[in-house]
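Structural overview for review
The chain contents come next:
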Amino acid sequence: MKRLLAPVLALSALSACAGGGGGLGYYSLVEPKPRVVAASSMTVVPGMRWNRVPRSVYDISREENWTLNGPLLDSLSFIGGVENGKRIVVQRRKADRKVPDFRADMSPPEIAAMIESFYRIRAGASTFDMDNLAPRQFLGQPGFQFDYRYLGGNELERRGRAVGAIINGRFYLALFDAARMHYFDAGIPEFERIVSSAQLRS
């Protein structure tokens, strides 16, 4: 995750060239039509054009990241089908602090704590506050949602919303993260449309 942030400095290849052809190191255009994402694990229907962010060395294989205005301003992340015992971010084996591995028996509060650890360890968040943790349907299955806000390593205040579910022992997540001033409020309606459109692929 994400380019999940720091926002995103940890996960984004900011040296990539915008408007490229979709290969490694290039942004590519996402049209407003059905799109298979996150290692072909789910289908979503964006309501507007997005830019797919090029992969970085911190991205897991089951992750995909989009942005509207550049990942320092907003970021949409999909994680599809992470297996029990696997991680949501690439990290060094000998790292002093690590994001916990996903477990198939995790409760929603434990998943929220795992995501918080990502922000604190990999995204450099000095503060992280979560609220509104509640049940929510995702991909046609019982899941969860929570909102959060944090101060990134670049001292930019950001807000986010995470919607996820554990389905057949695998972890699925859609996460929107953006600068608190303007960009979160501007992007959250589109995020909600995308989440509502999401369908699990067999």
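Coordinates for the structure precede this section.
Digging into the overall build of the protein
- Of the regular secondary structure elements, the protein holds 2 helices and 11 strands.
- Ordering the α and β elements of the protein from the N terminus gives β-β-β-β-β-β-α-β-β-β-β-α-β.
- The burial tally for the protein puts 49% of its 202 residues in the buried class.
- Surface exposure of the protein reaches about 9300 Å², of which carbon and sulfur atoms provide 49%.

Details of helix H2 (residues 183-197)
- Helix length check: H2, at 15 residues, gives a terminal C-alpha distance of 22 Å against a target of 21 Å (1.5 Å per residue), a fit within 8%.
- Bending of H2 peaks at approximately 30° at the position of Pro189.
- Turning to H2, its buried residues number three or more, namely Phe184, Gly187, Ile188, Glu190, Phe191, Ile194, Val195 and Ser197.

Section: the sheet that holds strand E10 (residues 170-179)
- Within the open sheet, the 8 strands sit side by side as E1-E4-E5-E6-E10-E9-E8-E7. Their pairing is antiparallel. Both edges of this open sheet fall to strand E1 (28-30) and strand E7 (127-138), since each of them pairs with a single strand only. Averaged over all adjacent pairs, the angle separating strand axes in this sheet is 25°, with direction ignored.
- Taken together, the 4 bridges between strand E5 (residues 63-67) and strand E6 (residues 74-82) define a ladder with antiparallel strand orientation.

Comments concerning the pairing of E7
- Taken together, the 10 bridges between E7 and strand E8 (residues 141-151) define a ladder with antiparallel strand orientation. If you follow Thr127 over to E8, its bridge partner there is Leu151.
- Hairpin connection, E7 to E8: the antiparallel pair is bridged by 2 residues, and Leu139 has positive phi, about 60°.

Brief notes about the pattern of salt bridges
- All chains considered together, the criterion is met by 15 salt bridges.
- Salt-bridge contacts for Arg193 lead to Glu190; the nearest nitrogen and oxygen are separated by 3.0 Å. Here the residue Arg193 and the residue Glu190 both occupy positions in helix H2, the gap between them amounting to 3 residues, near one helical turn.
- Residue Arg193 is classed as partly exposed on the basis of its relative accessible area, which comes to 44%.

Considerations on helix H1 (residues 108-121)
- With 14 residues, H1 should cover 20 Å at 1.5 Å per step; its first-to-last C-alpha distance of 20 Å lies within 8% of that length.
- Buried within H1 are the following residues: Ile111, Ala112, Met114, Ile115, Ser117, Phe118 and Tyr119.
- As for H1, its buried residues are in contact with E7, E8, strand E9 (157-167) and E10.

A word on the side chain of Glu64
- Note on placement: Glu64 falls in strand E5.
- A distance of 3.1 Å separates a polar atom in the side chain of Glu64 from the backbone nitrogen of Ala38.
- Ignoring anything within four residues of it in the chain, the contact list for Glu64 reads Arg35, Val36, Val37, Ala38, Arg52, Leu76, Ser77 and Phe78.

Basis of the calculations
- Residues numbered from 1 in each chain as written.
- Predicted model: local features only at pLDDT ≥ 70, side-chain atom pairs only at ≥ 80, totals over all residues.
- Heavy atoms only, no water.
- Helix = DSSP H or I, 4+ residues; strand = E, 2+ residues; numbered from the N terminus.
- Buried < 20%, exposed > 50% of the residue type's maximum accessible area, 1.4 Å probe, protein only.
- Areas by Shrake-Rupley, 256 points an atom, 1.4 Å probe, with all protein chains shown as cover.
- Expected span 1.5 Å × (residues − 1).
- Bend = angle between axes of the 7 residues up to and from the residue.
- Pairing = 2+ DSSP bridges.
- Axes fitted to C-alpha atoms, helices over the stretch in contact; angles between N-to-C directions.
- Salt bridge = Lys/Arg side-chain N within 4 Å of Asp/Glu carboxyl O.
- Contact = heavy atoms within 4.5 Å.
- Polar contact = N/O pair within 3.5 Å; in protein donor to acceptor, adjacent residues only side chain to side chain.

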